[in-house]
Structure formats: structure tokens, C-alpha cells
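In case you want the letters, here they are:
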Amino acid sequence: MSPIPRSGSQVPGSRDFLQRHLPTYLDHLAVERGLSPASLKAYASDLEFFGDWLTRSKLPAERVRREDLSRYQGELKARGLSSRSTARALSALRGFYGFAGVHLGFRTDPTGELVNPKAGLSLPKALTEKEVETLLESPDCGRPLGLRDRAMLELMYASGLRVSEIVSLARDRLDIPEGILRVTGKGGRERLVPFGKSAGRWLSRYLAEVRPGLDRKGSPYLFLTPRGGPMTRQRFWQLLEAYGRRAGIGSRLTPHRLRHSFATHLLEHGADLRALQMMLGHADIATTQIYTRISSSRLRRVYDEFHPRARRRGKIAG
């Protein structure tokens, strides 16, 4: 893939994205993530446009700030992209900067506060409680990493954390006796999130039996890899997808979907919407209110399926 030639002087590093960073990232997607040719083509198209914009802006990728991305979003809008296509382009950027922070030495991720354009209400599909139970039982807890993964999945479902929050969670932010996490979320906002006894038991086992053997460097992070470093977002995604397949969950399982399941199940069992807002870390209650629509949709399906007078089951005799 060759960058589009541009005349004039360049800021050092402003063309590195197209010449070095993007090929490295696409290789990672192909080899490590196993993306299909069609998906790779879509990523390449979106990110090549971003690289060309960097070149024209004389801006190195590692020096991009949030305000720069606001200008880039304006560029996407000027292209006439649909809300869905713009969201896909921004998702590609998030993926790249997540990778760059781990593998390319980028110090900051400017995509943290990016907001996708509104494209109408989209109701996420929550897992059933039985599917969650099967998912949590999927890791092989006879293996150290299986026990770690069980503790991670239990905590993810018990707390509804974002994937970025769970992989960056520090050990000292966990209070097992009280069943409380101190979480720093979007915008640096800190919140208290409770978790249940089941998650507490698995976390206690992980901390006693597995983490000491992984912590070779005195890491502050709660969940560690065999090399002693923190879990990455990409690795968490891979593990969750694999356990979803093992649990027989037909559709693709993502961290966001597990977070949705946490929120939906709480609300269906009578949780207060304001309390749910605080646990999820939503700045605006309107964001949390989507779950009232989800619950209403489920109630409608249950009613239509089981109430004898919900729908006509045949022609009414005259």
C-alpha cells in the first residue's frame, strides 16, 4: 500500500503513519487477530484516509490530540459519510491507537473521548442469564490462566466495567471484604462500583493462587499476563470471543455486550435507574435510559409469546 505523494515540506514523522505504522498494524490484524480479507480492506481504506489527512495536516500520528480528531471528524463529515461509515472509521482509529500504545510506544491515546455520530436508537442484544452462567463456567480453572480468566469474567459481569477500565484496574482499587471497586472512567471521573460474593470468591482465589506467580515486576495492575504485564484490550476481546464460542453463544460476543447484559439484568430485577447510571459511569441519565427500552422490548416479546389473547392464532369464527 503506497501513500499518496504530496508536494512541499513535511514535518518529520508526519508520513510515518502510512509508511511504517499502518503496515505494522494491518499485519497484526491479519496474523494475530485473523481478520478476513474483507475486514482488512475496510480497515486499510479507513486508516489510509486518516494517514493521508495526517500528511496533509503535517501531523505525526503520535502527536495527535483530541482536538485534532475533532477536525478529522469534520473532514469525514465533509466527505458525506453516513453515520454508520463514520462510526466505523472512528472504530478503526480506536483500534489503531489501542495497538500503538502497546506495540509502537505511543504515550497517549487521543481517541478516549471520541463520540460516534448519532444514528438512531440501537438496542443491544443482551445475553440471557443462562448464557452468562455457561460463559462464566467456560474457563478451565485447573489451569492458572483459566482461573485468572474466570475471575476476570466474573468481575466484568458483576460490575459492568468497560473493557478499558477492567484491563487498567489497579490491585489497590479492589476491596474484596467490602465488595467495592474504585474505578476511574471516562474524563477521569472516579466512581464506586459494587460487586457480588461470587466475583469476590474467584478474585480471592486468583490473588492467592495465580497472581503472585505472574507478578514478576511488582506490577500495580490487577490482571496480569504470563509476562507480568497488564492485560491489553485486544487480548481481552480475543479471550472473551473464544470463551463465547466455547459456551455455544452463536452471535459474536464482545466486552460491550457483556456490559449491556450486566445493566439489562440489573434493571429487569428491579434496580434503580439512577443507581445503574452511577455503576455504569454514565455522565447523562439519558444514556442509561436506553435500558428501559430494552426491558420494555423483552416484556413485549414475553407477553406476545405466552399470553393467550396477545395475538390471533387463527381466524375468528363469525
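Conventions and cut-offs
- Residue numbering note: each chain is counted from 1, following its sequence as written.
- For a predicted model such as this one, the threshold for reporting local features is a pLDDT of at least 70, and the threshold for listing and counting side-chain atom pairs is 80 or more; totals across whole chains, interfaces and linings nevertheless cover every residue.
- Only hydrogens and water are removed before side-chain values are computed, so all heavy atoms of the structure are retained for them.
- Only protein chains enter the accessibility calculation, which uses a 1.4 Å probe; a residue whose area is less than 20% of its type maximum is buried, one above 50% is exposed, and one in between is partly exposed.
- Going along the chain from the N terminus, every DSSP run of H or I of four or more residues is numbered as a helix, and every run of E of two or more is numbered as a strand.
- At least two DSSP bridges between two strands are required for those strands to pair.
- When a carboxyl oxygen of Asp or Glu is within 4 Å of a side-chain nitrogen of Lys or Arg, the pair counts as a salt bridge.
- Axis definition: a line fitted to C-alpha atoms, over the contacting stretch in the case of helices. Angles run 0 to 180 degrees between N-to-C directions.
- Here a crossing is taken to be left-handed if its near helix is turned anticlockwise relative to the far helix by less than a right angle, and right-handed if that turn runs clockwise.
- Every residue pair with non-hydrogen atoms within 4.5 Å of one another is taken to be in contact.
- Nonpolar residues are Ala, Val, Leu, Ile, Met, Phe, Trp, Tyr, Cys and Pro. Charged residues are Asp, Glu, Lys and Arg, and all others, Gly as well, are polar.
- Small angles under 35 degrees read as roughly parallel and large ones over 145 as roughly antiparallel, with 65 to 115 read as roughly perpendicular and the rest as oblique.
- Stacked, tilted and edge-to-face are the three classes applied to pairs of Phe, Tyr and Trp rings, where Trp contributes its six-membered ring and a pair requires centres within 6.5 Å; stacked means planes under 30 degrees apart, edge-to-face means over 60, and tilted covers the rest.
- Think of it as a cone above the ring: NZ of Lys or CZ of Arg counts as a charge over the ring if it is within 6 Å of the ring centre and within 35 degrees of the ring normal.
- As used here, the term nonpolar core means buried Ala, Val, Leu, Ile, Met, Phe, Trp, Tyr and Cys residues forming a set that is joined through side-chain atoms within 4.5 Å.

Participant: Hey, could you go over the pairing of strand β2 (residues 180-184) for me, with residue numbers and the actual values?
Facilitator: Of the two faces of β2, the one lined by Leu181 and Val183 is fully buried and the one lined by Ile180, Arg182 and Thr184 carries no buried residue. Both strand β1 (residues 174-175) and β2 contribute to a ladder of 2 bridges, which runs antiparallel. Each residue of the ladder has a partner; that of Leu174, found in β2, is Leu181. If you look at the hairpin formed by β1 and β2, you'll find 4 residues sitting between the two strands, and Gly179 has a positive phi there, around 65°. Relative to strand β3 (residues 190-194), β2 runs antiparallel, the two sharing 5 bridges. In the strand pairing of β3, Thr184 is matched with Glu190.

Participant: A description of unusual backbone geometry should follow, citing residues and the corresponding values.
Facilitator: Of note in the backbone geometry, Lys58 takes a positive phi value of approximately 55° without being a glycine. By the element assignment, Lys58 lies in the loop between α2 (37-57) and α3 (66-78).

Participant: Summarise the pattern of salt bridges; cite the residues concerned and give the values.
Facilitator: If the charged atoms of two oppositely charged side chains come close together, the side chains can form a pair. One pass over the full model with this rule turns up 17 salt bridges. As a salt-bridge pair, Glu165 and Arg162 come within 2.6 Å of each other at their nearest N and O atoms. Comparing Glu165 with Arg162, the two get one shared label, buried. As a salt-bridge pair, Arg191 and Glu165 come within 2.8 Å of each other at their nearest N and O atoms.

Participant: Any details on the packing of α2 against α3? Residues and values, ideally.
Facilitator: Packed helix pairs are specified by the crossing angle of their axes together with the interaxial distance, meaning the distance between the axes. The interhelical angle for the contact between α2 and α3, taken along N-to-C directions, is 115°, at an axis separation of 11 Å. For the pair α2 and α3, the sense of crossing is right-handed. Where α2 abuts α3, its residues Asp46, Phe49, Phe50, Trp53, Arg56 and Ser57 lie against Asp68, Leu69, Arg71, Tyr72, Glu75 and Leu76. Of the residues contributing to the contact of α2 with α3, the split by class is 6 nonpolar, 1 polar and 5 charged.

Participant: Give a detailed account of the packing of helix α6 (residues 144-159) against helix α10 (residues 233-246), specifying residues and quantitative values.
Facilitator: Look at α6 against α10: their axes get within 12 Å of each other, and the N-to-C directions meet at 90°. Considering their axes alone, α6 and α10 lie roughly perpendicular with respect to each other. From α6, Gly146, Arg148, Asp149, Met152, Leu153 and Met156 reach across to α10, where they touch Phe236, Leu239, Leu240 and Tyr243. Grouping the constituent residues of the contact of α6 with α10 by class yields 7 nonpolar, 1 polar and 2 charged.

Participant: Which residues make up the packing of aromatic side chains, and what values do they have?
Facilitator: Under the criterion given, the structure shown has 14 aromatic pairs. Centroid distance Tyr25 to Tyr43: 6.4 Å. Interplanar angle 75°. Geometry classified as edge-to-face. Placement of Tyr25 in helix α1 (residues 16-31) and of Tyr43 in helix α2 is noted, with a sequence separation of 18 residues between them. Looking at Tyr25, the relative accessible area reads 2%, which means it is buried. Between Tyr25 and Phe99, the ring centres sit 5.2 Å apart and the planes meet at 45°, which makes this aromatic pair tilted. One end of the pair, Tyr25, is in helix α1; the other, Phe99, is in helix α4 (residues 83-103), and 74 residues separate them in sequence. Through a chain of ring-to-ring contacts, three or more aromatic side chains come together here, namely Phe17, Tyr25, Tyr43, Phe49, Phe50, Trp53, Tyr72, Phe96, Tyr97, Phe99 and Phe106. Sitting over the face of the ring of Phe49, Arg79 holds its NZ or CZ atom 3.9 Å from the ring centroid.

Participant: I'd love a proper account of the nonpolar core, names of residues and values included.
Facilitator: If you look at the biggest cluster of nonpolar residues, it comprises 39 residues, and the most contacted ones within it are Leu135, Leu155, Leu181, Tyr206, Leu222, Phe223 and Phe236. If you list the elements that add at least two residues to this core, you get α5 (129-136), α6, α7 (163-167), β2, α8 (197-209) and α10. Per element, the largest residue contribution to this core is 6 residues, and it comes from α6. Each residue touching Leu155, except ones within four places of it in the same chain, is listed here: Gly160, Ile166, Leu169, Leu181, Phe195, Ala199, Leu203, Leu222 and Phe223. Residues Phe49, Phe50, Leu54 and Tyr72 belong to the second largest nonpolar core, which totals 30 residues.

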